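# A look at the structure
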Amino acid sequence: MNKLIQKIIPLYGILPLLCAFGLNMIVYSGAMSICAGWKHYDLTTSLDRMVPLVPWWMYIYFGCYLFWVVNYIMVARIHKDEPSEFYRFVTTDMMSRVICGLFFFLMPTTNVRPEVVGTTFADDLLRFLYQIDQPANLFPSIHCLVSWMCYIGIRGNKKVPAWYRGFSCIFALLVVISTQTTKQHYIVDAVAGLLIAEILFALNKRINAYRYVQHFFDRIHLKLGFISKEKTIE
């Protein structure tokens, strides 16, 4: 079974990625629930109002979930011989959620969504999205942040084909556009998401915060037999 799993993702990457996903859900759902009755700020600008509602962008908006899974696993795979780089990535991801959570609590945001009147499948998808996702936790955009992390996590890495690195950049930017044309986010939400990803990724290239994260997971992986003592950090 382990060999089958490792064909998809290295064992050392499973728990950190699951924890990153769990933290994301805790921050997003927790803030949504706790701040539900608080004052929310609408940061919509005249520029936001100029962007039209284009329901077919829902295919990109929902398609990014598969993009996230593929690229996060890819980051674990390309760094299996240098796990410290993977842990820098995971540490950046976790730190970004903490920062997002601070914004969600300190400055809850909302917007007024337009009425969806079309009858196409894309319109139905958009209505479904509006039903299951409240207009809150908008600034910064986690959708944009995670999509850009998918790109910068493989950016410049020659283990990944150049065409796929290019695709990841383009698709991440398309996700940014989709958050605007589906009226899920303001423009400032998208910009903030990209900036947080870039700033934290650059910061974690220069500091050793990742070592605490790696050491924590190394101890667990050692007990589970996922890694040997020689592959742990001091």
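Residues numbered from 1 in each chain as written. Predicted model: local features only at pLDDT ≥ 70, side-chain atom pairs only at ≥ 80, totals over all residues. Heavy atoms only, no water.

For the rest of this paragraph, the subject is unusual backbone geometry. Residue Pro 140 is reached from Phe 139 by a cis peptide bond, and omega for that bond is -5 degrees. Structurally, the position occupied by Pro 140 is in the loop between helix H6 (121–132) and helix H7 (142–152). At Asn 137, a residue that is not glycine, the phi angle is positive and equals roughly 55 degrees. Here Asn 137 lies in the loop between H6 and H7. Phi at Lys 183 is positive, roughly 60 degrees, even though this residue is not glycine. (Helix = DSSP H or I, 4+ residues; strand = E, 2+ residues; numbered from the N terminus.)

Right, let's get into helix H9 (residues 187–204). Note: α-helices contain 3.6 residues per turn, so residues at a spacing of three or four share the same orientation. An ideal rise of 1.5 Å per residue puts 26 Å on 18 residues; H9 measures up with 26 Å between its terminal C-alpha atoms. Along H9, the residues classified as buried are Asp 189, Ala 190, Ala 192, Gly 193, Leu 194, Ile 196, Ala 197, Leu 200, Phe 201 and Asn 204. Buried residues along H9 sit against helix H5 (83–106), H7 and helix H8 (162–181). (Expected span 1.5 Å × (residues − 1). Buried < 20%, exposed > 50% of the residue type's maximum accessible area, 1.4 Å probe, protein only. Contact = heavy atoms within 4.5 Å.)

What follows concerns the pattern of salt bridges. Evaluation of the coordinates by the stated rule reveals 5 salt bridges. Between Glu 198 and Arg 155 there is a salt bridge whose closest N-O contact spans 2.8 Å. Pair noted here: Glu 198 is in helix H9 and Arg 155 is in the loop between H7 and H8, with a separation of 43 residues, a long-range link. Judged by relative accessible area, Glu 198 falls into the partly exposed class, the value being 26%. (Salt bridge = Lys/Arg side-chain N within 4 Å of Asp/Glu carboxyl O.)

With respect to the helices and strands, Ser 168 occurs in helix H8. On the accessibility criterion, Ser 168 (0% relative accessible area) is buried. For the pair Ser 168 and Cys 150, spaced 18 residues apart in the sequence, the C-alpha separation amounts to 7.1 Å.

Any space left empty among the atoms is revealed by the rolling of a water-sized probe across them. Considered as a void within the structure, the largest pocket measures approximately 910 Å³ in volume. If you go around the largest pocket, you meet 33 residues; those closest to its centre are Phe 21, Asn 24, Met 25, Tyr 65 and Trp 68. Mapped by element, the contributors of at least two residues to the lining of the largest pocket are helix H2 (11–34), helix H4 (58–78), H5, H6 and H7. The greatest single-element share of the lining of the largest pocket, amounting to 10 residues, is contributed by H2. The class makeup of the residues in the lining of the largest pocket is 22 nonpolar, 8 polar and 3 charged. (1 Å grid on protein atoms, 1.4 Å probe; cavity = no way out; pocket = protein on both sides within 12 Å on 5 of 7 lines; lining within 4 Å. Points joined across faces, edges and corners; volume = space filled by probe spheres on them. Nonpolar A, V, L, I, M, F, W, Y, C, P; charged D, E, K, R; others polar.)

To continue, consider the packing of aromatic side chains. By the definition in use, this model includes 20 aromatic pairs. Taken together, the aromatic side chains of Tyr 12, Phe 86, Tyr 87, Phe 216 and Phe 217 make up a single cluster linked through ring pairs. (Phe/Tyr/Trp six-rings, centres within 6.5 Å; stacked < 30°, edge-to-face > 60°.)

Where H5 meets H7, the axes come as close as 11 Å, and the angle between the chain directions of the two elements is 170 degrees. As summarised for this structure, H5 and H7 are arranged roughly antiparallel, according to the angle between their axes. As for how H5 packs across H7, the hand of that crossing is right-handed. For the pair H5 and H7, the contacting residues are Phe 89, Thr 92, Asp 93, Ser 96, Arg 97, Cys 100 and Phe 104 in the first and Ile 142, Leu 145, Val 146 and Met 149 in the second. The residue inventory of the contact of H5 with H7, partitioned by class, reads 7 nonpolar, 2 polar and 2 charged. (Axes fitted to C-alpha atoms, helices over the stretch in contact; angles between N-to-C directions. Parallel < 35°, antiparallel > 145°, perpendicular 65-115°, else oblique. Left-handed = near helix turned anticlockwise from the far one by under 90°.)

Turning to the packing of H7 against H9, a few remarks are in order. Contact geometry for H7 and H9: axes closest at 8 Å, N-to-C directions at 40 degrees. The orientation of H7 relative to H9 falls into the category oblique. As for the relative orientation of H7 and H9, their crossing is right-handed in sense. Across the interface between the two elements, Cys 144, Leu 145, Trp 148, Met 149 and Ile 152 from H7 touch Ala 190, Gly 193, Leu 194, Ile 196, Ala 197, Glu 198 and Phe 201 from H9. Tallied by class, residues from the contact of H7 with H9 come to 10 nonpolar, 1 polar and 1 charged.

The first and last C-alpha atoms of H4 sit 30 Å apart over 21 residues, in line with the 30 Å expected at 1.5 Å per residue. At Cys 64, H4 shows its strongest bend, of approximately 30 degrees. (Bend = angle between axes of the 7 residues up to and from the residue.)

This part covers the side chain of Thr 109. Mapped onto the elements of the fold, Thr 109 is located in the loop between H5 and H6. Judged by its relative accessible area of 1%, Thr 109 falls in the buried class. A distance of 3.2 Å separates a polar side-chain atom of Thr 109 from the backbone nitrogen of Phe 139. Beyond its immediate chain neighbours, meaning those up to four positions away, Thr 109 contacts His 40, Tyr 41, Leu 43, Pro 135, Ala 136, Asn 137, Leu 138, Phe 139 and Tyr 186. (Polar contact = N/O pair within 3.5 Å; in protein donor to acceptor, adjacent residues only side chain to side chain.)

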